[in-house]
Amino acid sequence: MESSAISFMSELRKTPLNALHRRLRAKMVNFGGWDMPVEYPSSGGLIAEHKAVRGSVGVFDVSHMGDIRIGSGKKPGGALAAVQYITMNDASRLAIGQAQYSAMLYPHGTFVDDVIVHRLGEDDFLLVINAGTREKDIHWVRENTKGFDCVAEDLSDAHTQLAIQGPRAAEVLQKLTDADLSAIKNYWFTHGTVCGLRNTLIARTGYTGEDGFEIYVPSDAAASEKAWTQAMEAGREFGIIPCGLGARNTLRLESKMALYGHEISEKINVWEAGLDRYCKMEKGDFLGRAALEQAKAAGLTRTLVGLEMIDRGIARDGYRCCNEAGESIGVVTSGSPSPTLGKNIALAYVPPAYAAVGMILYVEIRGQKCRAQVVLTPFYKRQKKAAAPQVAGGS
Amino acid sequence: MAYPKSYRYTKEHEWIEVKGDLATIGITDHAQHELGDVVFVELPKPGAKIEAGKSFGTVESVKAVSEIYAPASGQVIETNGELQNKPETINNDPHGAAWLIKVRLTNAAAIRDLMDAPAYEAYIAEKGMETSA
């Protein structure tokens, strides 16, 4: 299975909705070995897609994401112990039906990948992982759960994953399911019938900084197209449009959500990435913990900051950051115009001495030093609907 | 969108319109479509020299930076200042209002080597076949 996956690496992989994207004349790109829609000119393009999600609702095919189920072995408890060992957040604190942002770490405290851990049952977990790191992650999980009484299963090709995102997402999805979506809080999930497809996982998660859902339907083309088409029908009154990876990237950047290979990688540790609140040092031993303890004692040499460009110019991934004197101090990990703010924003790693909000530093753009200012992040935070006070959930 | 018959085109998707030794240069409809929403344009100042085949500026969309290559050599006499505030004009009218620079050519005859409209249309049709295969 693993070897065959590798031998097909040279061919672009396709999601079950590939033919549909091409019928919609989406602009397709190679994303981590996948033939994926980057934008739909028929939707009005990237900026229109971005604004639809912020203002109303949009739908994304994110079937390239991988899914690993870690279930019980002979005796209960083995799956939880394995998940606790390979991820940095505390999965024991999850209720059944709850999910958490987490990450898998190398022994030196840097990132194998970030994941969303769903607790399906007392000793049953679903880890949703990135597309570009699928094979690596699955191999990593298998290797590092060997010593535990659990079963790790790659379900990546079993699901078509659709993300319905935006302030109207709940209204759209509610038309298609018998599950009561108002009962699902942020980062919780349930199973229900969606578009006539029974036992569909419905999670109130996403990668846009907006309210929304991710649904996991069977990966056959007929079921996949049915779910997509019915979501489009149900969302018509709200102006729903198909959205591509381009808008997904600008939406997540505004919300300062990390992207593997950019803000997090095998060279960056948890403290540098500022993901402290998802790393539970007190939960007991886990892969990467010892190195993180040492790194904490040693102190940070670089930290992730948000930048807003003052001078004209767009900071892009890989551009150099420098100080007034022109000395190199760091590097941009992601940068783009922000369709919501109308400004050029970026994330960059710089030494803590340059990380204070209001600090002026420079990004070198085609040989020119362009002024930028360190700003508070996230760049964009959605307004929570005024509602009855809720008991705070786990993060 | 139709490709004006009076223009010549490069393989890098620029167009050039020549009248005497004066030329107007822009990027093609195909180029703007490939880029997506244009948000930023950087152009040389009047007086700058440009050289055929060399980059003279950049056009950026939300997701990509694209160099603009000179279809011919010459000296810039005017740039389209409107584009600084309205870069989206490049998406809306790439062959007209969104011209980039006007240039006094060193050798106007050299543009004969560039593609005419039918040749350019065939060229992008062929490229389209490659990408969808």
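Bear in mind the structure is a predicted one, so any value in this text is a computation, not a measurement.

A. The arrangement of the overall build of chain B in detail. A count of helical and extended segments in chain B gives four helices and nine strands. Secondary structure elements of chain B, listed N to C terminal, follow the sequence β-β-β-α-β-β-β-β-β-α-α-β-α. With the principal axes as the frame, chain B shows a C-alpha extent of 45 × 35 × 25 Å.

B. Spotlight on the overall build of chain A. Assigned secondary structure in chain A consists of 10 helices and 19 strands. Computed over the C-alpha atoms, the radius of gyration of chain A is 21 Å, within 12% of the 21 Å expected from 2.2 N^0.38 for a compact globule of 395 residues. The dimensions of chain A, computed from C-alpha atoms along their principal axes, are 60 × 55 × 50 Å. Taken across its 395 residues, chain A has 49% of its residues classed as buried. Long-range contacts, defined here as pairs at least 24 residues apart, represent 66% of the contacts in chain A between residues at least 6 apart.

C. Inspection of the nonpolar core at higher detail. Ranked by internal contacts, the top residues of the largest apolar core, which has 135 residues, are A:L162, A:I164 and A:A315. Top element by residues in this core is strand β17 (residues 343-350) of chain A. It accounts for six residues. With six residues, the next largest nonpolar core counts B:W15, B:L114, B:Y120 and B:I124 among its residues.

D. Local environment of the interface of chain A and chain B. The partner chain B presents eight residues to the 10 residues of chain A that form the contact. Of all elements in the fold, only α3 (46-55), α8 (245-254) and β16 (328-338) of chain A reach the threshold of two or more residues within the side of chain A that touches chain B. Of the residues belonging to the side of chain A that touches chain B, the class tally is four nonpolar, four polar and two charged.

E. Spotlight on unusual backbone geometry. Here the residue pair A:T377 and A:P378 is connected by a cis peptide bond, since its omega of 0° sits within 30 degrees of zero. With respect to the secondary-structure elements, A:P378 resides in the segment after β19 (368-375). Even without glycine at this site, A:Y187 takes up a positive phi of about 65°. For A:Y187, the position within the fold is in the loop between α6 (169-174) and β10 (189-194). Assessed through the 19 C-beta atoms surrounding it within 10 Å, A:Y187 is described here as partly exposed. The phi torsion at B:H13 lies on the positive side, around 75°, for a residue other than glycine. With respect to the secondary-structure elements, B:H13 resides in the loop between β1 (8-9) and β2 (14-19).

F. Local environment of the domain arrangement of chain A. Residues and elements named next belong to chain A. Partitioning chain A into structural domains gives domain 1 (2-63 + 158-254), domain 2 (66-155) and domain 3 (270-375). On a C-alpha basis, the centres of domain 2 and domain 3 stand 29 Å from each other. Taken together, the contact pairs 17 residues of domain 2 with 13 residues of domain 3. Listed by contribution, the elements that provide at least two residues to the side of domain 2 that touches domain 3 are α4 (78-86) and β5 (99-105).

G. The packing of α3(A) against α8(A), seen in detail. Residues and elements named next belong to chain A. Look at α3 against α8: their axes get within 8 Å of each other, and the N-to-C directions meet at 55°. With respect to α8, the axis of α3 lies oblique. Between α3 and α8 lies a crossing of right-handed hand. Of the residues in α8, those touching α3 at L46, E49, H50 and V53 are G246, A247, T250 and L251. Residues belonging to the contact of α3 with α8 are distributed by class as follows: four nonpolar, three polar and one charged.

H. Structural context of the pairing of strand β8 (residues 74-79) of chain B. Residues and elements named next belong to chain B. Where strand β5 (residues 49-50) meets β8, two bridges bridge the pair, whose relative direction is antiparallel. From the neighbouring strand, I50 faces β8, where its bridge partner is G74. Pairing of β8 with strand β9 (residues 101-105) involves five bridges; the strand directions are antiparallel. Bridge assignment links Q75 to a residue of β9, and that residue is R104.

I. Layout of the sheet that holds strand β9 (residues 159-165) of chain A. Residues and elements named next belong to chain A. Pairing is mixed across the open sheet formed by six strands, whose spatial order is β10-β11-β12-β9-β3-β13. The sheet is open, and its two borders are formed by β10 and β13 (241-243), each paired with just one other strand. Averaged over all pairs of adjacent strands, the angle between their axes in this sheet comes to 30°, without regard to strand direction. Taken strand by strand, α3 contacts β3 (58-61), β9 and β13, and its axis lies near 110° from that of β13. Set on the sheet, helix α7 (residues 221-235) makes contact with β3, β9, β10, β11 (197-203) and β12 (212-218); between it and β9 the angle comes to about 10°.

J. Looking closely at helix α5 (residues 134-144) of chain A. Here α5(A) has its buried residues at A:R134, A:D137, A:I138 and A:V141. Down the axis, α5(A) shows its buried residues gathered within 95° of arc, on one side only.

K. Quick peek at the environment of A:A170. Residue and element names in this part refer to chain A. Structurally, A170 can be placed in helix α6. A residue is classified by how many C-beta atoms lie within 10 Å of it, and A170, with 17 of them, is partly exposed. For the pair A170 and D180, spaced 10 residues apart in the sequence, the C-alpha separation amounts to 9.9 Å. Those residues within four positions of A170 in sequence are excluded, and the remaining contacts are L181 and D211.

L. The arrangement of α4(A) in detail. Every buried residue of α4(A) is listed here: A:G78, A:A79, A:L80, A:A82, A:V83 and A:I86. Packing partners of the buried residues in α4(A) comprise β4 (66-72), β5, β6 (111-121), β7 (124-129), α5 and β8 (150-154) of chain A.

Rules used in this analysis
Residues numbered from 1 in each chain as written. Chains lettered and ligands numbered in written order. Predicted model: local features only at pLDDT ≥ 70, side-chain atom pairs only at ≥ 80, totals over all residues. Helix = DSSP H or I, 4+ residues; strand = E, 2+ residues; numbered from the N terminus. Rg over C-alpha atoms; globule rule 2.2 N^0.38 Å. Buried ≥ 20, exposed ≤ 12 C-beta atoms within 10 Å, placed from the backbone. Contact = placed C-beta atoms within 7 Å. Core = buried A, V, L, I, M, F, W, Y, C linked by C-beta atoms within 7 Å. Nonpolar A, V, L, I, M, F, W, Y, C, P; charged D, E, K, R; others polar. Domains from an automatic or database assignment. Axes fitted to C-alpha atoms, helices over the stretch in contact; angles between N-to-C directions. Parallel < 35°, antiparallel > 145°, perpendicular 65-115°, else oblique. Left-handed = near helix turned anticlockwise from the far one by under 90°. Pairing = 2+ DSSP bridges. Arc of directions from axis to C-beta.

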